2 protein chains.
Amino acid sequence: MEERKVFLDNRPWEEAREEFLEALKNIGFLHPTPGEKIPTQEALGRVTAEAVYAPLSSPHYIGAAMDGIAVRVEDTWGASEGFPRRLVLGKEAWVVDTGDPLPEGSNAVIMLEEVTFIDENIVEIYAPAIPWQHVRLPGEDILAGEMLAPTNHLLTAFDLAAFLSAGVTEVKVRRRPQVAILPTGSELVPPTSNPLPGQIIESNSVMLASLVRQWGGEPHLFPITPDDYDLLKERLKLALSQADVVLINAGSSAGREDYTARLVAELGRIFTHGVATKPGKPVILGLVEGKPVLGVPGYPVSAALCAELFLRPLVYIKQGLKPPEPPEAQAILGRKIASSLGREEFIRVRLAQVGEKLIATPLGRGAGNIASLARADGILRIPRLSEGYPAGAEVKVVLLKALEEIQATLVITGSDDPLLAVLGDALRKLYPGKGLAVAKVGSLAGLNVLQRGEAHGAGIHLLDPASGTYNVPYVEEYLRGEQVVLVNLAYRQNGLMVAPGNPKNIKSLKDLVRKDVTFVNRQPGSGTRVLLDYHLKLQGLEVKDIHGYEREETTHLGVAARVALGLADVGLGIYAAARAYQLEFVPVAVERFDLCFFREQWENPLVQDLVKVMASEEFRKAAQRLPGYDLKDCGQIVWKNF
Amino acid sequence: MEERKVFLDNRPWEEAREEFLEALKNIGFLHPTPGEKIPTQEALGRVTAEAVYAPLSSPHYIGAAMDGIAVRVEDTWGASEGFPRRLVLGKEAWVVDTGDPLPEGSNAVIMLEEVTFIDENIVEIYAPAIPWQHVRLPGEDILAGEMLAPTNHLLTAFDLAAFLSAGVTEVKVRRRPQVAILPTGSELVPPTSNPLPGQIIESNSVMLASLVRQWGGEPHLFPITPDDYDLLKERLKLALSQADVVLINAGSSAGREDYTARLVAELGRIFTHGVATKPGKPVILGLVEGKPVLGVPGYPVSAALCAELFLRPLVYIKQGLKPPEPPEAQAILGRKIASSLGREEFIRVRLAQVGEKLIATPLGRGAGNIASLARADGILRIPRLSEGYPAGAEVKVVLLKALEEIQATLVITGSDDPLLAVLGDALRKLYPGKGLAVAKVGSLAGLNVLQRGEAHGAGIHLLDPASGTYNVPYVEEYLRGEQVVLVNLAYRQNGLMVAPGNPKNIKSLKDLVRKDVTFVNRQPGSGTRVLLDYHLKLQGLEVKDIHGYEREETTHLGVAARVALGLADVGLGIYAAARAYQLEFVPVAVERFDLCFFREQWENPLVQDLVKVMASEEFRKAAQRLPGYDLKDCGQIVWKNF
């Protein structure tokens, strides 16, 4: 086997970036791109490459500033309410509209409202005019020769209007920085809905191109290059001839077919291979033919982070701009978060404005989970020399969404159900700008989160095995002393999900203890788990006899996916999940799914809007597409203690 | 003459807008635009027209999560550092890269770093594996059937990546709201550098189109329609057939050729004609063929404000979005500002971060002055029932620029000089992101502004008539007790500006008292005025004998413009201004232009950067293009008292 470097550097990313920028500065790369002349009307969002001066004054002639009559001041002397003066139209007074050039010989305008037209030839005025009254003099707004905008200025709609008013019809702006994006990997396929096993849909280049565009650059998307050293080399050279910066994605690590580092080392110089971040560690900062070549990892969250840390500054600097600081907010950490010493971790968080507090809750940390980045409200950074933060810590969060949007989003913790997404969708339709986010932790844990004031409500379906009733006994026990309301979301069918055709012939819970049957479970504390245990006990079945009882998923869909993939024969879940995976469904029970709110949040207008949506035609209709639900009590208060 | 309505309504704009939106809601207009399917890769910044569900799980197959070897867990039992186990490649262990499908029969991956390759066939491992270790299971990140984004969601780069990963290759997004923009007015001409008197450059439609684009809409720019009722009617009908909203600019007032109101009344219904705002009063809110038709005034600042108040909400609502709240900041008002009762005034302000305080200083209030809107950092609203605010009032300002940019901008008050713009330009070139703004009030007033802590520095050129020296006596008198430093900017030539060819044969100040000579003056307190008065006194000339002594301009360029236009024969000013207007220049004196800083601001790194720029080659070279300046002491401390 050929020799490979298997250990990467582990440098602080700021240090790596600084060294890289310093090297780029020394070779003159950080000079902004040259200017190109474009029509002023197309320059929105572009950056000036030189100062813009006004060739013309604005206004450029003497004109009326109001609709009215133009007069000679001398002809108006002595006019008053008691002794009006009459002026002859066309000789002593001229009707003018705003913007009309002042007729020769006149030097003031009297407003229409202050004039009476006696007949076609005569007007009457009631006060003398003063020189230049209601007249716009050349240069009042812009003076010829004035600097309208300096170099390196990001052009706004108002700048363009000012330029055009002053006769600037072309403007020299920075050429957009050109960023070549080279997706590489034999496993990659272009976006498709039918990938084969082992094929990975290449979605990073669209994400990276979109980011480059947002930063003001122009992406060049290259086709996928398979793991072929020579082809990649050829494409890299082509990219270098077309672009200011080249980004190779992925192959930046030290795997068997990770060619980027070798290639950059062959053609140029590597400054850094590996930084102390999570995600994003296997990044390459290199220089080939005087241009930066970045190798970024293939996991989408890693790719996004590396682009943010190392590409974004280049795109701004090449435009002559300082990379803007992202907006931040102070938040309170909902739960403890641990992190390894020695690397800076970037954690996606959900933010919830609960009363006065902005609560940050960590989301999934997997580098592959781009959906969690799409859903994240912010990013929490845990420094290299920290092992994390305790629950309740006050932390700074970089915002990915507007605080306004976050504050208009209800966060429902507890158990998840696909119906909640449908409800959130209906909320957005009926109340644009408002939203619903689900932070799924299971029913019981949800009550805990609610207790700590970290969510607006909780979805629960907790069966009390002693009484056979739902939710109320749990609320009374776990939320003792609190003022609480339970609102029904739905009654839903729970059952066993099995492969199409039910090949193992599973008819009831009794079949779970069969030797040839593999089960997949839900996590402890989830309502489904409680339901399972209740029924197992009722039927005298032992959990130790169930093969796979200890294998857990945290959602209904997760359970369904396992069964669909043959990783398990059966799981307990809801009809909607079974249907999404074309599984067969053996009903076991109907359970009640309620939303639980503290009184304080119940009175939150956003929660009241949600309850209105639960009663709406819009939601009822959309919910029909999910079978297995009975909405007869949906939106009704089923219990409250205040 | 035909009858015309000359008085407009004067309704509170919020009331007018609410009534209008209510009417639009009632006819169903506020429903978001229908959806259109577009490729996911083109959907950045678009808004979902329906919820997006995942057709595929991600990952969609069982794959390696790390580079390493795939193994059967059972084959690894018992391995330890002391008793490694050896596995046969291709039979018990398979080399895999991240993303590779797991070879059949394997159910865990051991990382490359934890494996030793003994030879081509044998690997050694040092610890047992646990099931599914370093394996990615289908649906770990996204589960088929999951809702990836709700309706009315603004799509980000991360959303697009998540969609593609889950096999969503097309997405149904809101059609961009179509906004037709009809510029109208016989005086309008398309952008040009050579307008004739009476021609107004049509710059509003580019500004309005740019705003529409920023809000997510798609502008349709119509050609200029002259003041021709039937042609405008024809164009309006065409626009209504193509667009969701039509904006007619201008002709919205009640002048002779203001046809918009008549036209809207003929074809549909007018809800409001005139709101109680300044600027922006003569706005028309109308409805024709079930679509909103807005008439907005021609002055660019009025047009921008009306679009912001009445068009922006429509563009957002039609996309299914809530119009975002603009960012705001608390500021302290630098000087008293008066406003009339009965209308809400929108005042452009400059913001300066001086020490701990963010100071707001009102800019020009003219509705025609688009350059002042381009330069403004924010907008201060003075409510209808307020007569204004005293100096020092704490006010809320809507930000037009990022606070970060405002905080990196030095505000120099006092006297203006074109060299300061050149200096600011050099600062931006050498320190991207940093800037210099000039708040010209004249030299003496500048010391006052400095005293009140409302600017970082002041430009002054104040001759002490008693001693014949510059600046120091004034600082000692007006800034008594303060720690102050004076840094020279330049020595500049001051002289008389006269028309080309010097038709009145003006040779010295003595010619100013000639009966056939008209003068234009600078405002009291300006250095130029002091200089003039000093020399007049020296030469025994009387101001009462100077025709035009009382006519004042506040800048050198203003004086030059008057002379260039023949509105005056002569004015006192600087060479650069004379040159900009191709005037002849009769030198009268060399004066010293210093920058004055308090010690606290002198120690501000931004001020120190500015001083470095004053010494830079970049600035020196750029300054050479402005003749009449001697930079021998530029950037030198000429006096300090600490």
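The rules behind the values
- Residues numbered from 1 in each chain as written.
- Chains lettered and ligands numbered in written order.
- Predicted model: local features only at pLDDT ≥ 70, side-chain atom pairs only at ≥ 80, totals over all residues.
- Heavy atoms only, no water.
- UniProt positions renumbered as here; feature names shortened; annotations may be inferred.
- Helix = DSSP H or I, 4+ residues; strand = E, 2+ residues; numbered from the N terminus.
- Rg over C-alpha atoms; globule rule 2.2 N^0.38 Å.
- Buried < 20%, exposed > 50% of the residue type's maximum accessible area, 1.4 Å probe, protein only.
- Areas by Shrake-Rupley, 256 points an atom, 1.4 Å probe, with all protein chains shown as cover.
- Lys, Arg positive; Asp, Glu negative; His and termini not counted.
- Charge placed at Lys NZ, Arg CZ, Asp CG, Glu CD.
- Contact = heavy atoms within 4.5 Å.
- Buried area = accessible area lost by both parts, 1.4 Å probe.
- Salt bridge = Lys/Arg side-chain N within 4 Å of Asp/Glu carboxyl O.
- Polar contact = N/O pair within 3.5 Å; in protein donor to acceptor, adjacent residues only side chain to side chain.
- Nonpolar A, V, L, I, M, F, W, Y, C, P; charged D, E, K, R; others polar.
- Least-squares fit on C-alpha atoms with pLDDT ≥ 70 in both.
- Pairing = 2+ DSSP bridges.
- Axes fitted to C-alpha atoms, helices over the stretch in contact; angles between N-to-C directions.
- Core = buried A, V, L, I, M, F, W, Y, C linked by side-chain atoms within 4.5 Å.
- Domains from an automatic or database assignment.
- Arc of directions from axis to C-beta.

Looking at an unreviewed UniProt entry, one finds chain A named Molybdopterin molybdenumtransferase, with Thermanaeromonas toyohensis ToBE as its source organism. UniProt annotates chain A under Pathway (unreviewed entry) with the comment "Cofactor biosynthesis; molybdopterin biosynthesis." Within the UniProt record for chain A, the comment given under Sequence similarities (unreviewed entry) is "Belongs to the MoeA family."

The subject of this paragraph is the overall build of chain A. Each helix and strand counted, chain A has 17 helices and 40 strands in total. In terms of overall size, chain A is more extended than a compact globule, its C-alpha atoms giving a radius of gyration of 34 Å where 642 residues would be expected to give roughly 26 Å. With the C-alpha coordinates of chain A rotated into their principal frame, the extents come out at 110 × 70 × 45 Å. Sorting the 642 residues of chain A into buried and exposed places 59% on the buried side. Accessible surface computed for chain A: about 25300 Å², of which carbon and sulfur atoms make up 51%. Of the side-chain charges in chain A, 68 are positive and 79 negative, and the distance between the mean point of each set is 8 Å.

A few words now on the interface of chain A and chain B. The interface of chain A with chain B comprises 107 residues on the first partner and 108 residues on the second. Together chain A and chain B conceal approximately 8800 Å² of surface at their shared face, both sides included; 63% is due to carbon and sulfur atoms. Per-residue buried area on chain A facing chain B is highest for A:Phe158, A:Glu404 and A:Arg428; these three make up 7% of the total on that side. At the surface where chain A touches chain B, the tally comes to 4 salt bridges. Put simply, B:Glu146 and A:Arg375 hold a salt bridge, and the shortest N to O gap is 2.8 Å. At the boundary of chain A and chain B, one finds 28 residue pairs in polar contact (both at pLDDT 80 or more). Elements that contribute at least two residues to the side of chain A that touches chain B include exactly strand S6 (93-96), strand S11 (147-149), helix H2 (157-165), strand S15 (200-201), helix H3 (204-214), helix H7 (370-375), helix H9 (418-430) and helix H13 (556-564) of chain A. The dominant element in the side of chain A that touches chain B, judged by the number of residues it contributes, is H2(A), at 8 residues. Residues that form the side of chain A that touches chain B fall into these classes: 58 nonpolar, 26 polar and 23 charged.

Geometrically, the link from A:Lys278 to A:Pro279 is a cis peptide bond, its omega value of -5 degrees lying close to zero. Within the secondary structure, A:Pro279 sits in the loop between strand S19 (277-278) and strand S20 (284-288). That bond from B:Asn249 to B:Ala250 is cis: its omega, 10 degrees, falls within 30 degrees of zero. Structurally, B:Ala250 can be placed in the loop between strand S17 (245-249) and helix H6 (260-267). Of note, A:Gln582 is a non-glycine position whose phi angle comes to about 55 degrees, a positive value. Looking at the element boundaries, A:Gln582 is found in the loop between helix H14 (575-580) and strand S38 (584-598). By relative accessible area, A:Gln582 is classed as exposed at 62%. Phi at B:Asn471 takes a positive value of approximately 70 degrees, unusual for a residue other than glycine.

Looking now at the pattern of salt bridges. For the coordinates displayed, the defined rule picks out 74 salt bridges over all chains. Linking A:Arg562 and A:Glu553 is a salt bridge whose minimum nitrogen-to-oxygen distance equals 2.7 Å. The residues A:Arg562 and A:Glu553 share a single accessibility class, namely buried. B:Lys429 is the partner of B:Asp425 in a salt bridge, and the nearest nitrogen-oxygen pair spans 3.6 Å. Taken together, the residues B:Asp425 and B:Lys429, both in helix H10 (residues 418-430) and 4 residues apart, mark about one turn of the helix. In this structure B:Asp425 comes out as buried when scored by relative accessible area, which is 5%. A network of salt bridges, in which partner residues are shared, links A:Glu14, A:Glu344, A:Arg381 and A:Arg384.

Quick look at the relation of the copies chain A and chain B now. For the match of chain A to chain B, the screw axis carries a shift of 0.1 Å, the RMSD comes to 0.1 Å, and the turn is 180 degrees. Both copies of the chain, as the preceding transformation shows, are related through a two-fold rotation axis. Considering only C-alpha atoms, the part of chain A nearest the rotation axis is A:Pro327, at 5.8 Å. Both copies contact each other with a shared surface, as 100% of the interface residues of chain A are interface residues in chain B too.

Bringing the sheet that holds strand S21 (residues 291-296) of chain A into the picture now. By way of backbone hydrogen bonds, the strands of a sheet pair with one another, either parallel or antiparallel. Residues and elements named next belong to chain A. Spatial ordering of the open sheet is given by S16-S13-S17-S21-S20-S18, a layout of 6 strands whose pairing is mixed. Where the open sheet ends on each side, the last strands, each with one partner, are strand S16 (218-221) and strand S18 (269-273). Between one strand axis and the next, the sheet turns by 20 degrees as a mean value, whatever way the strands run. Note: strand S17 (residues 245-249) against S21, 4 bridges, orientation parallel. Paired with Asn-249 across the strands is Val-296, a residue of S21. On top of the sheet, H3 reaches strand S13 (178-183), S16 and S17; it is set at about 160 degrees to S16, its chief contact.

The subject of this paragraph is the nonpolar core. All names here are of chain A. Ranked by internal contacts, the top residues of the largest apolar core, which has 67 residues, are Met-207, Phe-310 and Leu-311. Top element by residues in this core is helix H6 (residues 300-318). It accounts for 13 residues. Excluding anything up to four places from it in sequence, Phe-310 contacts Trp-13, Arg-17, Val-275, Val-283, Leu-285 and Leu-294.

All names here are of chain A. Taken domain by domain, chain A holds domain 1 (13-31 + 177-318), domain 2 (35-59 + 140-174), domain 3 (63-136), domain 4 (326-405) and domain 5 (440-446 + 457-640). Centre-to-centre, using C-alpha coordinates, domain 1 lies 26 Å away from domain 4. Taken together, the contact between domain 1 and domain 4 spans 14 residues of the former and 14 residues of the latter. Taken together, the connections running from domain 1 to domain 4 amount to 3 salt bridges.

Below, the discussion takes up helix H18 (residues 617-624) of chain B. All names here are of chain B. Of the positions making up H18, those classed as buried are Phe-619, Ala-622 and Ala-623. Buried residues of H18, seen end-on, are gathered within an arc of 100 degrees and therefore sit on one face of the element. Facing away from the buried side of H18, by more than 90 degrees, are the exposed residues Glu-617, Lys-621 and Gln-624.

This next bit is on the environment of A:Gly216. By the secondary structure assignment, A:Gly216 is in the loop between H3 and S16. Taking C-alpha positions, A:Gly216 is 53 Å from A:Val71, a pair spaced 145 residues apart along the chain.

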